[in-house]
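Remarks on the overall topology
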Amino acid sequence: MRSPATSSAAERELRELRLRAYGPHADIDGDPVALARLEKLEAAHALAAHGTPAEELPSSALDSPPGRQASPVALATASVSVGDTPPSRTRPTAGRPRWRAWLIAAALVVILGLAYGGTRLVGDHPEATLRPTGAEPDTRVYRMLVYAPDLRIASSTLRSFGTYRDIDIWAADDAFGNPCLLALDRSVDGLLGAECTPPEGELTMDVGVWPLWERDFGADLPDGSVIRFVHRGDAVEVYHFATGDR
Amino acid sequence: MREVSPPEGAEQGGGSSGGVRRLAGRRSTLVALAVAAVVVVSAVVASTLAVALEPRPDATLKPVDLEPDVVILALLAGEEQWAAIDPSTLRGYEPYGDLEVWAATNAFASPCLIAFDRATNDVVSTSCVPEPAELYIDVSGYSMPAGGKARFVSAGDALDVHLYLPEGED
């Protein structure tokens, strides 16, 4: 049985906890024990307000001072005493600070991910990514260097990136240490493109689908389209810019 | 199932299990607003950083009122006819050293850039690329150190010029 003194002390405690929860200097969020205690007192208060005899209230719910855990039995009793109220309707606030911290951490991770990948998501995506094949250059490849004497490409540095739409793609270095890209059309033994760019610039090479050019590549692309090869790291990314796309 | 009604004093003092729920709702809203604010601020900071970290051009060429002469027109109709440039669309830019740079549109509605050497009457570089590709032309030589190049990049009405030097030439 609950004594008037106990009841008065509980009400005083409830007022104090409410002040800590809703007052101008609310700080109960950082004190899970006090928060749990407030919920318990609120539940008991609610039952009392609905005419539940005080004798039926779990005394442990009112008597446990803040900072001390009620026994598991008392907690179970209190839970049953508030009827069918699901525990989840009152318990979440106790774990909120941790939940909020996780939410903020997750949000930061998402933001960082978006910031990192944003440009890639928004930007164009390559049609293909070519990797070094390890194939050795043959005489036809060496011969195409004749068509680009100004570039002073070091033939010993030629590396194959395979074939894309019947276009042989090769990377190399020039005499100045700049990375280079070369495109060879074997069907006509022609050099479709050759570019060397100092490392501070992006190395790109465009191959156009020009109706006046004798060629075998790009038959499925509209005239005037451009296939752009971009050297990035140890890969060559391929982009299509077709006429009539916009 | 029995409903738990708001306790006495909920209205007067604002404290109750309903008040706890309202507090939880208010806190959730605040957290959501805070997250949204962080996202917006991050996006603004990221875009600002992206602009700030973008390489600055070494020069910018503005358009000028210049009429193409017969030499350029002949070149476009001759050795450069593969690009199908429409001569009526030619627009000139401020000169860059000995180079004249022209913008135009070709028969496939792609924007083009043409670098022309007035001293030798040669077209040094031509590029036509459908939008939305970045349109640029690269030029080597012309007071650039060996192995270096100047890249002329279309930037709205103007042309940005970026100079790329081989390593060790800085």
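Data block above holds the structure.
We now turn to the structure provided with this report. (Residues numbered from 1 in each chain as written. Chains lettered and ligands numbered in written order. Predicted model: local features only at pLDDT ≥ 70, side-chain atom pairs only at ≥ 80, totals over all residues. Heavy atoms only, no water.)

Moving on, we get to the pairing of strand β2 (residues 153-164) of chain A. Regular strands place their side chains on alternate faces of the sheet. All names here are of chain A. In this sheet, strand β3 (residues 167-174) lies alongside β2 in antiparallel orientation, the contact comprising six bridges. Looking at the pairing, R159 lines up with A171 of β3. Counting the residues between successive antiparallel strands, the hairpin from β2 to β3 contains two residues, one of them, R165, with a positive phi of roughly 50 degrees. (Pairing = 2+ DSSP bridges. Helix = DSSP H or I, 4+ residues; strand = E, 2+ residues; numbered from the N terminus.)

With that settled, consider the state of the cysteines. Residue and element names in this part refer to chain A. This model, assessed by the stated rule, comprises two disulfides over all chains. Two residues, C180 and C196, share a disulfide whose sulfurs are 2.0 Å apart. Because the sign of the S-S torsion sets the handedness, a value of about 105 degrees for the bond joining C180 and C196 places this disulfide among the right-handed ones. Here C180 is found in strand β4 (residues 179-185), whereas its partner C196 is found in strand β5 (residues 190-196), with 16 residues between them in sequence. (Disulfide = S-S within 2.5 Å.)

Peptide bonds are mostly trans, and most non-glycine residues show a negative phi. All names here are of chain B. Here the bond from E131 into P132 is cis, since omega is 10 degrees, no more than 30 degrees from zero. With respect to the secondary-structure elements, P132 resides in the loop between β6 (122-128) and β7 (136-140). Its identity is not glycine, yet A84 carries a phi of approximately 55 degrees, on the positive side.

With that out of the way, let us pick up a nonpolar patch on the surface. Residues and elements named next belong to chain B. Where nonpolar side chains cluster on the molecular surface, the patch consists of V41, V45, L49 and L53 and spans about 390 Å² of accessible area. Here V41 lies in helix α2 (residues 17-53). By relative accessible area, which is 49% here, V41 ends up partly exposed. (Patch = residues over 30% accessible without salt bridge, like charges linked within 9 Å, V, L, I, M, F, W, Y side chains within 5 Å. Areas by Shrake-Rupley, 256 points an atom, 1.4 Å probe, with all protein chains shown as cover. Salt bridge = Lys/Arg side-chain N within 4 Å of Asp/Glu carboxyl O. Buried < 20%, exposed > 50% of the residue type's maximum accessible area, 1.4 Å probe, protein only.)

Let us now look at the sheet that holds β2 of chain A. Residue and element names in this part refer to chain A. If you walk across this open sheet you meet the four strands as β2-β3-β4-β5, and the pairing is antiparallel. Looking at the sheet topology across the chains shown, the edges are occupied by β2 and β5. Each adjacent strand pair in this sheet contributes to an overall mean axis angle of 20 degrees, direction not counted. Bridge count between β3 and β4: seven bridges; the pairing is antiparallel. The residue of β4 that forms the bridge with W170 is L182. (Axes fitted to C-alpha atoms, helices over the stretch in contact; angles between N-to-C directions.)

Using the criterion set out here, one finds five aromatic pairs over all chains in the structure. Taken together, a centroid distance of 5.2 Å and an interplanar angle of 65 degrees make the contact between W210 of chain A and W82 of chain B edge-to-face. Remark: W82 of chain B occurs in the loop between α3 (70-77) and β3 (85-93) and W210 of chain A occurs in the loop between β6 (204-208) and β7 (226-232); the pair is interchain, linking two chains. In this structure W210 of chain A comes out as buried when scored by relative accessible area, which is 3%. Between Y96 of chain B and F152 of chain B the ring centres are 5.4 Å apart and the planes differ by 90 degrees, which places this aromatic pair in the edge-to-face class. Of this pair, Y96 of chain B sits in the loop between β3 and β4 (99-106) while F152 of chain B is found in strand β8 (residues 149-155), placing the two residues 56 residues apart along the sequence. In textbook terms, an aromatic cluster arises when at least three aromatic residues are bridged by ring pairs, as seen for W210 and W213 of chain A together with W82 and F108 of chain B. Positioned above the aromatic ring of Y136 of chain B, the side-chain terminus of R151 of chain B is 4.6 Å from the ring centre. (Phe/Tyr/Trp six-rings, centres within 6.5 Å; stacked < 30°, edge-to-face > 60°. Lys NZ or Arg CZ within 6 Å of the ring centre and 35° of its normal.)

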